[in-house]
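Breakdown of the fold
Here are the chains, one letter per residue:
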Amino acid sequence: MRSTGFRRTFVALSVCSLALAASGCGSGGDGSASGKTRITVNCEPPKSAKVDRGFFEQDVSAFEKQNPDIDVVAHDAFPCQDPKTFDAKLAGGQMEDVFYTYFTDAKHVVDIKQAADLTPYIKELKSYATIQQQLRDIYTVDGKIYGIPRTGYSMGLIYNRRLFEKAGLDPDRPPATWEEVRADAKKIAALGGGTVGYADYSAQNQGGWHFTAELYSQGGDVVSADGKQATIDTPEGHAVLQNLHDMRWTDDSMGSKQLLVINDVQQMMGSGRLGMYLSAPDNIPILVKEKGGSYKDLALAPMPGGKGTLIGGDGYMFNKHDTPAQIRAGLKWLDHMFLTPGTGFLGDYARAKKADAPVGLPEPRLFTGAADAKDQQVKKANANVPVENYQAFLDGNHSLQLKIEPPDAQQLYSVLDSVVSAVLTKKDADIDQLLKDASGKIDGILARG
């Protein structure tokens, strides 16, 4: 699952669709008639996202001016990657030369032999050594490098400072454990008037996604280290479901309406009727710009539990048919567009602020060392949101284990959806049996994989 929302004013970037594929969406060969090295790239913002589309076009134009021997052909559509067509594009030879992927795609693309090996060229990517090691590792398979991270997110707890104050809670001391989440949610729900203390997803695979995040926060995991067996029927798995059950049925702090998805929960938070829910920082501008929320009321804390957090994000991989010249050109393009602190599509905070886009959210946090220091310095200098509201998240994340989604994530989430929805809709749900049955189904999925 990816975090819903993205940088600045655009909710989700895009990818060349199959409809466009018929008109030449795929790999562009060695070069154009002018003798330039031609690369096709995807995830250009659509024309409907006018601000980000303009930024992207400006940056491509500047890159081509600096590199007159490279011709960049960008493709747009919605979303950046459609899981329903992704494999078909790869298998059909219609994928761009430099193509967008979620973190969870990396090993799969390598396994089906559709990715170019970047290892011989990686020294030419100036920024590579500055990227966080755990993010680089996601695109490293059997010691070879097959992709470049572009953004990363980690899950946390968004909460409403105004409701915390009304409930007699200290908004500068968000809950650090699930026991504290439960206690705070109960006090917030007691405000009445349709106020909900804590909300969670339980449909469209999103319940399984959040179950995974909550399991990580307790120190558990969905599958074994070798990826062959379910590991949800554990004390940690029971604790996740028991806590949800108790908040829903004993405390009545989760409201009566269940089978919620992300849009439902965002509407509740944006309207000021919800105290807390799990999300990544990129939800905050959506809550303000689309759901009626206020930056001053919205704050972010690290995942309760103190043991781990689910991370996700995206990056670019290279078509297996790319020539060495195209790989070198693509790496230069990534450096220019996304990987130079303070400049480019993701890093030009001064430009973003001028366009009234939010600057100062605590993620993505891609770099380390001097590169990270520069990125944070430029971001802070141009911040136009209350950065103090996110300090707890920044401070707390340092001590958490960062864990990506499990293998076959969407299939596993579908199984886990039914577990979470049962607990939230049936007071007498048998947690032991639910976890036992789900474990068997997950074992079957992993065996087929």
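Our subject is the structure listed above.
Residues numbered from 1 in each chain as written. Predicted model: local features only at pLDDT ≥ 70, side-chain atom pairs only at ≥ 80, totals over all residues. Heavy atoms only, no water.

1. So, the layout of surface pockets
Reported here for the largest pocket is a volume of approximately 1800 Å³. Elements that contribute at least two residues to the lining of the largest pocket include exactly α3 (83-91), α4 (106-111), α5 (133-138), β4 (140-141), α8 (206-217), β11 (308-318), β12 (401-403) and α17 (409-425). Within the lining of the largest pocket, the residues separate by chemical class into 21 nonpolar, 16 polar and 12 charged. When its volume is computed, the second largest pocket comes out at roughly 370 Å³. Secondary-structure elements contributing two or more residues to the lining of the second largest pocket are α5, β6 (147-154), β11 and α16 (391-397). Across the lining of the second largest pocket, the residue classes tally to 10 nonpolar, 8 polar and 3 charged. (1 Å grid on protein atoms, 1.4 Å probe; cavity = no way out; pocket = protein on both sides within 12 Å on 5 of 7 lines; lining within 4 Å. Points joined across faces, edges and corners; volume = space filled by probe spheres on them. Helix = DSSP H or I, 4+ residues; strand = E, 2+ residues; numbered from the N terminus. Nonpolar A, V, L, I, M, F, W, Y, C, P; charged D, E, K, R; others polar.)

2. Quick look at unusual backbone geometry
Geometrically, the link from E363 to P364 is a cis peptide bond, its omega value of 5° lying close to zero. On the secondary structure map, P364 appears in the loop between α14 (349-354) and α15 (369-381). Its identity is not glycine, yet K113 carries a phi of approximately 60°, on the positive side. Topologically, K113 is positioned in the loop between α4 and α5. Non-glycine residue N205 carries a positive phi angle of around 70°. Mapped onto the elements of the fold, N205 is located in the loop between β8 (196-198) and α8.

3. Thoughts on the packing of helix α9 (residues 235-250) against helix α18 (residues 431-448)
Direction vectors running N to C along α9 and α18 enclose 130°, while the axes themselves pass 10 Å from each other. One way to sum up the angle between α9 and α18 is to call them oblique. Regarding α9 and α18, the two cross each other, and that crossing is right-handed. Mapping the contact onto sequence places G237, H238, L241 and Q242 in α9 and I431, D432 and L435 in α18. In terms of residue class, the contact of α9 with α18 is made up of 3 nonpolar, 3 polar and 1 charged. (Axes fitted to C-alpha atoms, helices over the stretch in contact; angles between N-to-C directions. Parallel < 35°, antiparallel > 145°, perpendicular 65-115°, else oblique. Left-handed = near helix turned anticlockwise from the far one by under 90°. Contact = heavy atoms within 4.5 Å.)

4. Quick word on a negative patch on the surface
Together, D233, D428, D430, D432 and D437 make up a negatively charged patch on the protein surface. Considering the arrangement of structural elements, one finds D430 in the loop between α17 and α18. Residue classification places D430 among the partly exposed residues on the basis of a relative accessible area of 43%. (Patch = residues over 30% accessible without salt bridge, like charges linked within 9 Å, V, L, I, M, F, W, Y side chains within 5 Å. Areas by Shrake-Rupley, 256 points an atom, 1.4 Å probe, with all protein chains shown as cover. Salt bridge = Lys/Arg side-chain N within 4 Å of Asp/Glu carboxyl O. Lys, Arg positive; Asp, Glu negative; His and termini not counted. Charge placed at Lys NZ, Arg CZ, Asp CG, Glu CD. Buried < 20%, exposed > 50% of the residue type's maximum accessible area, 1.4 Å probe, protein only.)

5. Side note on the packing of aromatic side chains
The tally for this structure, following the rule as stated, stands at 13 aromatic pairs. With a centroid separation of 6.4 Å and 55° between ring planes, the pair formed by F86 and F99 is classed as tilted. Taken as a pair, F86 in helix α3 and F99 in strand β3 (residues 98-102) lie far apart in primary sequence, 13 residues in all. In this pair, the class of F86 matches that of F99, namely buried. Put simply, the rings of F56, Y100, Y102, Y316, W333, F338 and F345 touch in pairs and so form one group of aromatic residues. Taking NZ or CZ as reference, R136 lies 5.2 Å from the ring centre of Y128, over its face. Across from the ring centre of W249, 3.9 Å away, lies the NZ or CZ of R248, which sits over that ring. (Phe/Tyr/Trp six-rings, centres within 6.5 Å; stacked < 30°, edge-to-face > 60°. Lys NZ or Arg CZ within 6 Å of the ring centre and 35° of its normal.)

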